[in-house]
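# Descriptive analysis of the structure
If you want the building blocks of each chain, they are given just below.
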Amino acid sequence: QVQMVESGGGLVQAGGSLRLSCVGSGRTFSGGAMGWFRQVPGKEREFVAGIAWTFGVTEHADSVKGRFICSRDILKNTGYLQMNTLRPEDTAVYFCASGRQLSRDPANYDYWGQGTQVTVSP
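Residues numbered from 1 in each chain as written. Predicted model: local features only at pLDDT ≥ 70, side-chain atom pairs only at ≥ 80, totals over all residues. Heavy atoms only, no water.

It is worth spelling out the overall build of the protein chain at this point. Counting its secondary structure elements, the protein chain contains zero helices and 11 strands. Written out in order from the N terminus, the α and β elements of the protein chain read β-β-β-β-β-β-β-β-β-β-β. Since a compact globule built from 122 residues should have a radius of gyration of about 14 Å, the 13 Å found for the protein chain is in line with a globular shape. With respect to the three principal axes, the spread of C-alpha positions in the protein chain is 40 × 30 × 25 Å. Expressed as a percentage of its 122 residues, the buried residues of the protein chain come to 43%. On the protein chain, roughly 6400 Å² of surface is accessible, and the fraction owed to carbon and sulfur atoms is 50%. If you average the places of the 12 positive and of the 10 negative side-chain charges in the protein chain, the two averages end up 5 Å apart. (Helix = DSSP H or I, 4+ residues; strand = E, 2+ residues; numbered from the N terminus. Rg over C-alpha atoms; globule rule 2.2 N^0.38 Å. Buried < 20%, exposed > 50% of the residue type's maximum accessible area, 1.4 Å probe, protein only. Areas by Shrake-Rupley, 256 points an atom, 1.4 Å probe, with all protein chains shown as cover. Lys, Arg positive; Asp, Glu negative; His and termini not counted. Charge placed at Lys NZ, Arg CZ, Asp CG, Glu CD.)

This brings us to the packing of aromatic side chains. Summed over all chains, the structure comprises six aromatic pairs. An angle of 75° between the planes, with centres 5.2 Å apart, marks the rings of Phe37 and Tyr109 as edge-to-face. Placement of Phe37 in strand E4 (residues 33-39) and of Tyr109 in strand E10 (residues 109-112) is noted, with a sequence separation of 72 residues between them. Through a chain of ring-to-ring contacts, the aromatic side chains of Phe37, Phe47, Phe95, Tyr109 and Trp112 assemble into a single cluster. It is Arg45 that lies over the ring of Phe95; its NZ or CZ is 4.0 Å from the centre. Its guanidinium or amino end placed over the ring of Trp112, Arg45 lies 4.7 Å from that ring's centre, counting from NZ or CZ. (Phe/Tyr/Trp six-rings, centres within 6.5 Å; stacked < 30°, edge-to-face > 60°. Lys NZ or Arg CZ within 6 Å of the ring centre and 35° of its normal.)

Here the structure, examined in full by the defined rule, presents one disulfide. Disulfide partner of Cys22: Cys96, at an S-S distance of 2.0 Å. Negative torsions about the S-S bond denote left-handed disulfides, and the value of about 60° found for Cys22 with Cys96 makes this one right-handed. Taken as a pair, Cys22 in strand E3 (residues 18-24) and Cys96 in strand E9 (residues 92-99) lie far apart in primary sequence, 74 residues in all. (Disulfide = S-S within 2.5 Å.)

Before going further, it helps to spend a moment on unusual backbone geometry. Even without a glycine there, the phi angle at Asn77 is positive, about 50°. With respect to the element layout, Asn77 can be found in the loop between strand E7 (68-73) and strand E8 (78-83). With a phi angle near 45°, Thr85 is a residue other than glycine that sits in the positive phi range. For Thr85, the position within the fold is in the loop between E8 and E9.

Our focus in this paragraph is the pattern of salt bridges. Under the definition given, this model contains five salt bridges. Residue Arg104 pairs with Glu59 through a salt bridge whose shortest N-O separation is 2.4 Å. Linking Arg104 in the loop between E9 and E10 with Glu59 in strand E6 (residues 58-60), this pair joins segments that are 45 residues apart in sequence. Since its relative accessible area comes to 25%, Glu59 is described here as partly exposed. A salt bridge links Asp90 to Arg67; the shortest N-O distance between them is 2.8 Å. (Salt bridge = Lys/Arg side-chain N within 4 Å of Asp/Glu carboxyl O.)

Structure (structure tokens):
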């Protein structure tokens, strides 16, 4: 069974940094892509960043471009989301996801991590 375990969330002051990790099992990401999404109550799940696994091509939402960096470690089968210069509006539950190809649409992802809470205080 596909399993994706997320970690690294927490509470941080505005301007601080966090790094989220997403460890996949088997060939969770191989031949496809890993995406990062976030969601707050009453809002749709929002694309944050993603990476095509084989060649490392990345895509970042405008709201996080220049602050967040999506990357992966192939040997560890782990994806990362480095979050810098965090803002209160970044507060959300963050999910990693595995899909066939890099996409901004959550419907194109087949498997999801359990989510990790990121809270940014003013």
